[in-house]
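These are the residues of each chain, in order.
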Amino acid sequence: MKMSPQDKKLDHMLRSSTLVAGGFMGRDRRSVREIIEADAAALAACGLNAAMVARRMRELTDIGRRGLGTWVDADGERLQVMSEDYKGMLVCPWGHAGHYHKRSTVVKAGADERMLTWSDLNIHLIEAHGFFEGRGSAFRIEPAQAAEILFGKTTP
Ligand SMILES: [Zn+2]
């Protein structure tokens, strides 16, 4: 896929590790747009979109924050969520104004305790950019996993 100069600049930014350790792309060789499109398609297959996932993540983050670092039940007792604050801020690689807390939220589901972890920046990246990060990046969120854990949906 041919990339515009802006896309190239963004791609370079996302692959560099100056914003977060390891960058946002992990070992993913696809372009940002290819990643975004593939993830949108994976979500659509589960009847979801990025906005719905981001909204759910924000709700769960808010519930988790009430536990002040301990597990809190959510969605009846289907989920448990824990949110922890770390010192420091993250910025959006697209150059949006504003900083995102280095808060880390973990959700676990089911008897086998499948887990999903995200930062506040993940929520913004998904909501504003449909970006779940590249495969192998520390905070990559697999759309199919998000569908299953956050919404109890299994991939058709
Ligand atoms: Zn942004």
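Residues numbered from 1 in each chain as written. Predicted model: local features only at pLDDT ≥ 70, side-chain atom pairs only at ≥ 80, totals over all residues. Heavy atoms only, no water.

Draft legend 1. The overall build of the protein chain, seen in detail. Per the secondary structure count, the protein chain includes 5 helices and 6 strands. Listed by position from the N terminus, the elements making up the protein chain come as α-α-α-β-β-β-β-β-β-α-α. For the C-alpha atoms alone, the extent of the protein chain along its principal axes is close to 50 × 40 × 25 Å. Put simply, the protein chain has 156 residues, and 44% of those count as buried. A separation of at least 24 residues holds for 54% of the contacts in the protein chain among residues at least 6 apart in sequence. Accessible surface, the protein chain: about 8400 Å² in total, of which carbon and sulfur atoms supply 53%. One way to put it: in the protein chain the 22 positive side-chain charges average out to a point 5 Å from where the 20 negative ones average out. (Helix = DSSP H or I, 4+ residues; strand = E, 2+ residues; numbered from the N terminus. Buried < 20%, exposed > 50% of the residue type's maximum accessible area, 1.4 Å probe, protein only. Contact = heavy atoms within 4.5 Å. Areas by Shrake-Rupley, 256 points an atom, 1.4 Å probe, with all protein chains shown as cover. Lys, Arg positive; Asp, Glu negative; His and termini not counted. Charge placed at Lys NZ, Arg CZ, Asp CG, Glu CD.)

Draft legend 2. Here's a closer look at the side chain of aspartate 11. Its location among the elements puts aspartate 11 in helix α1 (residues 5-15). A polar contact of 2.7 Å, which involves the side chain of aspartate 11, links it to the side chain of arginine 15. If near-sequence neighbours (up to four positions away) are discounted, aspartate 11 is found in contact with Met3, Met25, Arg30, Ser31 and Val32. (Polar contact = N/O pair within 3.5 Å; in protein donor to acceptor, adjacent residues only side chain to side chain.)

Draft legend 3. Here's a closer look at the nonpolar core. With 23 residues, the main nonpolar core has Met57, Leu60, Val107, Trp118, Ile141 and Leu150 as its most contacted residues. Contributing elements (two or more residues each) for this core: α3 (50-65), β2 (79-84), β5 (104-109), β6 (114-119), α4 (120-129) and α5 (143-151). The element best represented in this core is α3, accounting for 5 residues. Contact partners of isoleucine 141, with chain neighbours within four places excluded, come to Met57, Leu116, Thr117, Trp118, Asn122, Ile126, Phe132 and Ala146. Listed in part, the 14 residues of the second largest apolar core include Leu14, Ile35, Ile36 and Tyr100. (Core = buried A, V, L, I, M, F, W, Y, C linked by side-chain atoms within 4.5 Å.)

Draft legend 4. Quick peek at the layout of surface pockets. In this structure, the largest pocket spans a volume of roughly 250 Å³. Lining the largest pocket are 17 residues; nearest its centre among them are Val20, Leu90, Lys102, Ser119 and Phe139. Split by residue class, the lining of the largest pocket holds 9 nonpolar, 5 polar and 3 charged. (1 Å grid on protein atoms, 1.4 Å probe; cavity = no way out; pocket = protein on both sides within 12 Å on 5 of 7 lines; lining within 4 Å. Points joined across faces, edges and corners; volume = space filled by probe spheres on them. Nonpolar A, V, L, I, M, F, W, Y, C, P; charged D, E, K, R; others polar.)

Draft legend 5. Structural view of the sheet that holds β2. With respect to topology, 4 strands assemble into an open sheet ordered β1-β2-β5-β6, the strand pairing being antiparallel. The sheet is open, and its two edges are formed by β1 (72-74) and β6, each paired on a single side. Taken over all neighbouring pairs, the strand axes of this sheet differ in orientation by 25° on average, direction set aside. Here 6 bridges tie β2 to β5, and the two strands are oriented antiparallel to one another. Looking across to β5, one finds that glutamate 84 is bridged to serine 104. Against the sheet, α3 touches β1, β2, β5 and β6, its axis set at about 75° to β2. The sheet strands contacting α5 are β2, β5 and β6, and the helix crosses β6 at an angle near 105°. (Pairing = 2+ DSSP bridges. Axes fitted to C-alpha atoms, helices over the stretch in contact; angles between N-to-C directions.)

Draft legend 6. Geometry of unusual backbone geometry. For aspartate 75, which is not glycine, the phi dihedral falls at a positive 55°. Here aspartate 75 shows up in the loop between β1 and β2. Of note, glutamate 113 is a non-glycine position whose phi angle comes to about 50°, a positive value. Position of glutamate 113 among the secondary structure elements: in the loop between β5 and β6. When its relative accessible area of 39% is taken as the criterion, glutamate 113 is described as partly exposed.

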